[in-house]
Amino acid sequence: MLQNVAVLASPQSSPVTSPISFRTSSEKMAEIVDILPKEYGYIILNLVAYYFLNFYMSFQVGRARKKYNVMYPALYATEADTEDYKLFNCIQRGHQNSLETLPFFFVLMVVGGLKHPVICSGLGVVYTIARFFYFTGYSSGDPNGRLPIGGFNNLALLGLVIVNIWFGVSLLKA
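These remarks concern the structure in this document. Please read these numbers as outputs of a predicted model, since none were measured by experiment.

### A few points about unusual backbone geometry
Along the chain, Tyr 72 connects to Pro 73 via a cis peptide bond; the corresponding omega equals 10°. Along the chain, the position of Pro 73 falls in the loop between α3 (40-68) and α4 (85-115). Even without glycine at this site, Asn 69 takes up a positive phi of about 55°. Counting through the fold element by element, Asn 69 comes out in the loop between α3 and α4.

What follows is the structure, given as structure tokens:
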């Protein structure tokens, strides 16, 4: 009876072999890499690029905190903190808004990229570039400055949502 359970639990095992895997971690990693599309590397590079963008934005907020004397734990400045409180708040808000959408972006990239890595990667590049312009436009002190190019980040996210819906439907039809 126990041998049959081992066979059911592991399709590659036989009643003679043990169900315990003695594969090395590099062999297990090779199996994971083998099932991912080759182009999935673009997804990973996109996420790393966004990491560097986020680091850049964080650095800009830190510089602005020092320049405008806005101490932690205050998230935003008030008129009592500095006469340039609106400018600081625009810098902070540009970064904060990017952090608010980061989980959606990452999940949509990682999941959608499993089936459509090139499409998701292209949308990821558009999103990351648009986010840069969103931040720099917002950081100018005029919140409307974020929209001319930065507004394309929403189109890129919408594209990622559509790709993920497409992926989900294709899984249900398989």
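That covers the picture; the talk isn't over yet.
### What about the packing of aromatic side chains?
A complete count under the given rule lists ten aromatic pairs for this structure. Each ring, one from Tyr 51 and one from Phe 52, has its centre 5.2 Å from the other, and the planes form 70°; the classification is edge-to-face. Assessed through its relative accessible area of 52%, Phe 52 is described here as exposed. Between Tyr 56 and Phe 132, the ring centres sit 6.0 Å apart and the planes meet at 40°, which makes this aromatic pair tilted. Pair noted here: Tyr 56 is in helix α3 and Phe 132 is in helix α5 (residues 117-138), with a separation of 76 residues, a long-range link. The exposure class of Phe 132 is partly exposed, given its relative accessible area of 32%.

Each value, and the rule that gives it
Residues numbered from 1 in each chain as written. Predicted model: local features only at pLDDT ≥ 70, side-chain atom pairs only at ≥ 80, totals over all residues. Heavy atoms only, no water. Helix = DSSP H or I, 4+ residues; strand = E, 2+ residues; numbered from the N terminus. Phe/Tyr/Trp six-rings, centres within 6.5 Å; stacked < 30°, edge-to-face > 60°. Buried < 20%, exposed > 50% of the residue type's maximum accessible area, 1.4 Å probe, protein only.

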